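Report on the structure
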Amino acid sequence: MSLRDAPLGESKSSLRWPAMAAMAAAALIALGIALGHGRSHDRPQFYGASRLAMDRAAAPAGGVLSAPVRWIGSGFSVVGDYILAGSQNHRLKAELVEARRWRDIALALAAENARYRALMGVRTDPPIPTVFAHTILDARGPFAMTRLADAGSERGVIEGAPVLAEHGLAGRVMGVAPAVSRILLLTDVESRTPVMVPRTNARAILAGDGGPNPRLAYLRTHDPLAPGDRVMTSGDGGVFPRGLPVGVVVKSADGAWRVALDSDASPVDYVQILLFKDFAQLVDPASLSPKTLPSAMTEEPATTILGGPQGASGSAGSADKARKSARAIPPAPPAAAGQAAAASNATGTQP
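Below, the structure is looked at part by part. (Residues numbered from 1 in each chain as written. Predicted model: local features only at pLDDT ≥ 70, side-chain atom pairs only at ≥ 80, totals over all residues. Heavy atoms only, no water.)

1. Notes on the overall build of the chain
Secondary structure assignment for the chain yields 5 helices and 12 strands. If you take every contact in the chain between residues at least 6 apart in sequence, the share linking residues at least 24 apart comes to 54%. (Helix = DSSP H or I, 4+ residues; strand = E, 2+ residues; numbered from the N terminus. Contact = heavy atoms within 4.5 Å.)

Structure, rendered in structure tokens:
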């Protein structure tokens, strides 16, 4: 069998004519492009028409011929992306870990700022100087419940100062040292706080007993209490300022009235310590003393209960008036003087 009779030879003969046609078309397109880009001032219309015809004929062929080039370029791009995918994946994982770390920090700061804003929202009327602190140790036992705060005598904290948590009164300072102070919570068995119920104007002593809800001892009221009544500091005895939020009234299983503390709504981590000594610091002493004394309404100076210079000047004025009255009395006449001498001789006495 000759090569021409073989199947391969038949395939070659079948592809010969399309190849020749493609070569002829390419030659014609090349000739048209050359003529279209040529310039001649003699026959501009001829070359312009031929150029347009060549452009219309070359557009499909150009798209077909440029397709393999585009495919090869996109293939190289895919291969490059596949090769670099490992390094990109490693870098993205590292960025994700860093972003999660910053997310956790942002959430923690947002929660801390919210608690600070809640703590600063508890105000007193009139305003009292405060010191913000953070509790660093929680000392709990069967009955004793105290906290240590990182603010002490160097910041003006004194014993007995009220301590406010984010939502209400938490306790009072029972001990002070440099850079630290001990807080006695309201639930401690030694805690005693004068409170009131604004709805009924009831008075009581909030007594801690180691449980979560201190009891209302020595309750004095004309109207019965009701669960949910607000409890605030009464200011009796000058221990605490009046009007600090404490909690709400609840009834225990044994029928006693107790208080659900507002400070239990969140952990007592951030506190503000009121620099409260007594009620005298809430007013200006100079505003209570009169600027000037009232003027006298008569000729004689007025006598006051103060016994000051006005009382002394009044006494001096009375003495001057008595001396003037003595000088106004005229002397006795001579006849009267002789009668007095005779009377004295009769009685045997010397004048």
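Let's pick the thread back up.
2. Comments concerning the packing of aromatic side chains
A complete count under the given rule lists 0 aromatic pairs for this structure. Note that arginine 101 overlies the ring of tryptophan 102, its terminal NZ or CZ placed 5.0 Å from the centroid. (Phe/Tyr/Trp six-rings, centres within 6.5 Å; stacked < 30°, edge-to-face > 60°. Lys NZ or Arg CZ within 6 Å of the ring centre and 35° of its normal.)

3. Some thoughts on the side chain of aspartate 262
Residue placement: aspartate 262 occurs in the loop between strand S11 (257–261) and strand S12 (270–274). Overall, aspartate 262 belongs to the buried group, its relative accessible area being 15%. Once you skip the residues sitting within four places of it in the chain, aspartate 262 turns out to touch His167, Gly168, Arg230, Pro245, Val246 and Gly247. (Buried < 20%, exposed > 50% of the residue type's maximum accessible area, 1.4 Å probe, protein only.)

4. What to know about the pairing of S11
Most of S11 is tucked away, with 4 of its 5 residues classed as buried. In this sheet, S11 lies alongside strand S10 (residues 245–251) in antiparallel orientation, the contact comprising 5 bridges. Note on S11: the bridge partner recorded for valine 250 is arginine 258. Count of turn residues in the S10/S11 antiparallel hairpin: 5 residues, of which glycine 255 carries a positive phi of about 90 degrees. (Pairing = 2+ DSSP bridges.)

5. Considering the nonpolar core
Core analysis: the largest hydrophobic core is formed by 21 residues, its most contacted members being Leu206, Leu216 and Val246. Contributing elements (two or more residues each) for this core: strand S6 (192–197), strand S7 (202–207), S10 and S11. In contact with leucine 206, other than residues within four places in its own chain, are Leu186, Ser191, Arg192, Thr193, Val195, Pro214, Arg215, Leu216, Val246, Val259 and Leu261. (Core = buried A, V, L, I, M, F, W, Y, C linked by side-chain atoms within 4.5 Å.)

6. So, the environment of alanine 144
Mapping alanine 144 onto the fold places it in the loop between strand S1 (130–140) and strand S2 (145–149). When its relative accessible area of 43% is taken as the criterion, alanine 144 is described as partly exposed. Here the alpha-carbon distance between alanine 144 and glycine 210, two residues 66 residues apart in the chain, equals 6.9 Å. With residues near it in sequence (within four places) discarded, alanine 144 still touches Ala139 and Asp188.

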